[in-house]
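Fold and contact review
Listed below are the residues making up each chain.
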Amino acid sequence: MTTVHYHTVDVDGLNVFYREAGTAGAPKLLLLHGFPTAGHMFRDLIPQLADRFHLIAPDLPGFGQTQLPPRSQFHYTFDNIANVIDRFTQLVGFDRFAIYVFDYGAPTGFRIAAKHPERITAIISQNGNAYEAGLSEGWNPIRAYWQDPSTTNREALRAFLAPATTRWQYVHGVADESTVSPDGIALDNFYLSRPGADEVQLDLFGDYQSNVALYPAFQQYFRTHRPRLLAVWGRNDPFFLPAGAESFRRDIPEAEVRFFDTGHFALETHAAPIADAIRAFLK
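Residues numbered from 1 in each chain as written. Predicted model: local features only at pLDDT ≥ 70, side-chain atom pairs only at ≥ 80, totals over all residues. Heavy atoms only, no water.

**Some details on the environment of Gln65**
What counts here: A run of H or I in DSSP becomes a helix once it reaches four residues, and a run of E becomes a strand once it reaches two; helices and strands are each numbered from the N terminus. Each polar contact in these results corresponds to two N or O atoms within 3.5 Å; when the atoms are within protein, one needs to be able to donate a hydrogen and the other to accept it, and residues that are neighboring in sequence are counted only if both atoms are side-chain atoms.
Here Gln65 lies in the loop between β4 (54-58) and α2 (78-91). A C-alpha to C-alpha distance of 30 Å links Gln65 and Leu241, two positions 176 residues apart in sequence. Separated by 3.1 Å, the side chains of Gln65 and Tyr191 make a polar contact.

**Describing the pattern of salt bridges**
So the rule is basically this: In the sections that follow, a salt bridge refers to a side-chain nitrogen of Lys or Arg positioned within 4 Å of a carboxyl oxygen of Asp or Glu.
With the rule as written, the count across this model stands at 18 salt bridges. The residue Arg143 makes a salt bridge to Glu132 at a minimum N-O spacing of 3.1 Å. Linking Arg143 in helix α4 (residues 140-147) with Glu132 in the loop between β6 (120-125) and α4, this pair joins segments that are 11 residues apart in sequence. With its nearest N and O atoms 3.2 Å apart, the salt bridge here joins Arg167 to Glu177. Taken together, the residues span a long stretch of sequence, with Arg167 in helix α6 (residues 163-171) and Glu177 in the loop between α6 and α7 (182-192) at a distance of 10 residues. Salt bridges here are not isolated pairs; linked through shared partners, they connect Arg71, Arg154, Glu155, Arg158, Asp198, Glu199 and Asp203.

**Topic: the nonpolar core**
A general feature of soluble globular proteins is that nonpolar side chains tend to end up buried together. Applied cut-off: We define a nonpolar core as any set of buried Ala, Val, Leu, Ile, Met, Phe, Trp, Tyr and Cys residues linked to one another through side-chain atoms lying within 4.5 Å. Buried means the residue's accessible area, taken with a 1.4 Å probe over protein chains only, is under 20% of the maximum for its type, while exposed means over 50%, and partly exposed covers the values in between. In what follows, residue pairs with any heavy atoms lying within 4.5 Å of each other are defined as contacts.
By size, the foremost hydrophobic cluster in this structure holds 61 residues, and its most contacted members are Phe222 and Phe248. At 10 residues, the largest contribution of residues to this core is made by helix α8 (residues 197-225). Phe248 has contacts with Phe110, Ser125, Gly128, Ala130, Tyr131, Phe222, Leu229, Ala231, Trp233 and Ala255, leaving out every residue within four places of it along the chain. Ranked by size, the runner-up nonpolar core spans 35 residues in total, among them Met41, Phe53, Ile185 and Ala266.

Here's what the structure looks like:
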């Protein structure tokens, strides 16, 4: 049986919640979630890796159980989120570690990796994009907001925050919807319904363009430092296309790429084979 511990640490005045499992002396693996979820997305993966790794899964600022400060007190940008998680790793003693990045966790983790390449032992990217080729047409409404940050374009993005859209993100591209637990969907919708959470998420939709602007820098990091990289990708993801996974090989020819017949939230249906792939990759 795996024991998971639940902690909160003060990161320069912001309380960051995280899950922790495994032995402190084991190889370290940092798990970074995406939108609109939290560290609970790793609930099935953690027990399958805890016998070999020291695992930590923080909730990003504004997500999950981590503090949701008002926008007047915390500027919700990916630069700021990455700075918080960077400092978090130092406070919890993660000096050298591999990172598992998904969705929003990718630009967060890639910022940290590019800033501290000596600290990164490997990268597992699960639908964590770093290439223009990986962006689908599903991003068009958000791109429109980047090009014209009008109230009309911002309000149009509220459709991404609707409960039905959350469920769609979980089940789209899944062969059998009955294999997707409703619990994660319900929890994500609860977090999205908190006062002020909607404006925070709209801010991050707008700032996602900063991640795309950094793609060349991330790619330069890949070429220069050639980190060990495994891409485990839900091939039916409506937002991040298989070309995003395949593009890693352009900059890291040794990168391993594996596709699974599922959608965006690949761990909901394929936690076991993804865990097997990680164990083989990091052995």
